[in-house]
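As a plain string of letters, each chain reads:
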Amino acid sequence: MVEEGNFEACNKAVEEDNEPKGLCYFFWGPIYWLKMLAVETHWSFVFGVVSVYGISQGLGGALARVGTEYYMKDVQKVQPSESQVYSGITSIPWIVKPIWGLLTDVVPIRGYRRRPYFILSGLLGLVSMLLISLHSKLHLVFALMALTAGSAGVAIADVTVDACVAQNSISHPSLAADMQSLCALTSATGALVGFSISGVFVHLIGPKGVFGLLTIPAALVFSVGIVLAEPNMPNFAYKEVSQKFLHAGKAMWTTLKCPEVWRPCLYMYLSFAVSLNINEGLFYWYTDSKQGPSFSQETIGYIFSIGAVGAILGAILYQNMLKDHPFRDLLFWIQLFYGLAGMLDLMLVLRVNLKFGIPDYLFVVIGEAVSQMIARLKWMPLLVLSAKLCPTGIEGTFFALLMSIDNVGLLSSSWGGGLLLHMLNVTRTKFDNLWLAILIRNILRLSPLSILFLVPRGDPNSSILPTEMLSSKDETEADEPKNIELVSLVNSVDGR
């Protein structure tokens, strides 16, 4: 008789032999990979990632970025420093993600924890995008409010998938990098499609028409809330909600005080905050007809689409070659190359590329692809690290808190970049000091190398938190179901 362990090993070997090899793997490998994730984590998890990351954030985010750039420049006619600050304002809903996480974790509506929040996020996107697209002369203040509401809709939908990623990273630690790769690849693929068509649509129907198209991803998120299979809890004890909020707050504070948590959190914030964002200044220069290359709307979209290709390459490179490298060693080289890649922008603005006979378009395309690839390589190990810092029981809320820390860093970067552009007097028509802003940004990008000691050096496939934080006090020793659906990620309050 064959022993059970040997029998399972033989079955695994047979399955591996049946998988496509060589050139066929290039085509069928991703399908087998998605099938593996669907079997291990449940198909609804994969569906949620594709819907939220791929369609709403990827494709919709690409259309929104290009549409907002031209909306602020051509419709609202603001200065680049102001546009940089306004882009930070519209990102505020992503900073308060822990609030959305707490609501979806502990405050069900009519017995459902997830479906009502998907519906709410879809409605926010629908109403806000319709308001901007249909109003002929919308005041800047109301336009910012609508853009912020639309951003809130995407952020609320994002929290649920983030929670699933965090919990699945704990229950399947060996698949943590694969799940982050799925998120990154779907987002980058959606962004590639979105950027490819964004410039054409801005040219054909204008930036306000593009906002009208953004009602489609919002409607998809709304439909997810309608069809999502989720158990109903009709007897939920709403009187215990405040106690649950207090318990979650204490658990998050206790976790944050742990050195294994606050040290990498501090690094993540500082690494984003000091890398000043001056993209608005570069965008205005790209489209300037006198000092810049005067790129058309279609060209801008194509440039950003090549950046999405770079992001996809970065995700593939991380998944296949870098995911098993220690966090600290990997981030050292990524941060170093991130600072050096910024020098391509400096060469472009100083017109060094023309002295070597390289056209502006080709040089910008190369720079955008390299920058986005390195940015993705930097982002993915930080996502894996964040998922491993989440304690059991408040996975969704704590992962949202960690993402909000990153977003506060991005907001600081955006506002700091706007201040830098203002101080150097970079305006809609004056770009004399843009090269200096780029040089300062590139130098600051290298500064996080001095605080890498805050990041753990350990194996990314192993747990980082102390053992006592990986098990909830309310959990029993019973086995958890293997299939994790898009359902509640915390213990039922009334089920004790």
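Residues numbered from 1 in each chain as written. Predicted model: local features only at pLDDT ≥ 70, side-chain atom pairs only at ≥ 80, totals over all residues. Heavy atoms only, no water.

A. Examining the overall build of the protein more closely. Of the regular secondary structure elements, the protein holds 20 helices and 0 strands. For the protein, buried positions account for 52% of its 496 residues. Excluding contacts between residues fewer than 6 apart, the proportion of contacts in the protein whose partners are at least 24 apart in sequence is 86%. Within the structure as shown, the protein displays about 22,400 Å² of accessible surface, and the carbon and sulfur contribution to it stands at 66%. (Helix = DSSP H or I, 4+ residues; strand = E, 2+ residues; numbered from the N terminus. Buried < 20%, exposed > 50% of the residue type's maximum accessible area, 1.4 Å probe, protein only. Contact = heavy atoms within 4.5 Å. Areas by Shrake-Rupley, 256 points an atom, 1.4 Å probe, with all protein chains shown as cover.)

B. The packing of helix α7 (residues 115-134) against helix α10 (residues 215-227), seen in detail. Direction vectors running N to C along α7 and α10 enclose 160°, while the axes themselves pass 7 Å from each other. It follows that α7 is roughly antiparallel to α10 by the angle criterion. Relative to α10, the crossing made by α7 is left-handed. On the side of α7, the interface is formed by R115, F118, I119, S121, G122, L123, G125, L126, M129 and L130, while α10 contributes T215, A218, A219, V221, F222, V224, G225 and I226. In terms of residue class, the contact of α7 with α10 is built from 12 nonpolar, 5 polar and 1 charged. (Axes fitted to C-alpha atoms, helices over the stretch in contact; angles between N-to-C directions. Parallel < 35°, antiparallel > 145°, perpendicular 65-115°, else oblique. Left-handed = near helix turned anticlockwise from the far one by under 90°. Nonpolar A, V, L, I, M, F, W, Y, C, P; charged D, E, K, R; others polar.)

C. Here's a closer look at the packing of helix α3 (residues 43-75) against α10. Close contact between α3 and α10 brings their axes to 9 Å; oriented N to C, the two are set at 160°. As summarised for this structure, α3 and α10 are arranged roughly antiparallel, according to the angle between their axes. Crossing of α3 over α10 shows left-handed handedness. Contacts from F47, S51, I55, S56 and G60 of α3 reach α10 at P217, L220, V221 and V224.

D. Structural context of the environment of F304. Tracing the chain through its elements places F304 in helix α14 (residues 297-322). Separated by 238 residues in sequence, F304 and V66 place their C-alpha atoms 8.7 Å apart. When residues no more than four places from it in sequence are discounted, the contact partners of F304 are R65, V66, F195 and E368.

E. Highlighting helix α9 (residues 176-213). A rise of 1.5 Å per residue sets the reference length of α9, with its 38 residues, at 56 Å; its end C-alpha atoms lie only 34 Å apart and thus fall more than 12% short of the reference. Its maximal kink placed at I205, α9 deviates by approximately 115°, while the proline P207 follows within four residues. (Expected span 1.5 Å × (residues − 1). Bend = angle between axes of the 7 residues up to and from the residue.)

F. Quick peek at unusual backbone geometry. One non-glycine residue, S294, lies in positive phi territory at about 55°. Take S294: it is sitting in the loop between α13 (279-286) and α14. Taking relative accessible area as the criterion, S294 reaches 38% and is therefore assigned partly exposed. Of note, R351 is a non-glycine position whose phi angle comes to about 65°, a positive value. Structurally, R351 can be placed in the loop between α16 (343-349) and α17 (352-355). Overall, the relative accessible area of 22% leaves R351 in the partly exposed class.

G. Layout of the environment of V365. One can find V365 in helix α18 (residues 360-388). Residue V365 is classed as buried on the basis of its relative accessible area of 13%. The spatial distance from the C-alpha of V365 to the C-alpha of I300 is 9.9 Å, given a sequence separation of 65 residues. Excluding residues within four positions of it along the chain, V365 makes contact with I303 and I306.

H. How the structure looks around the side chain of S198. Inspection of the secondary structure assignment puts S198 in helix α9. Separated by 2.9 Å, the side chain of S198 and the backbone oxygen of F195 make a polar contact. When near neighbours in sequence (up to four residues on either side) are disregarded, S198 contacts A62, L63, V66 and G301. (Polar contact = N/O pair within 3.5 Å; in protein donor to acceptor, adjacent residues only side chain to side chain.)

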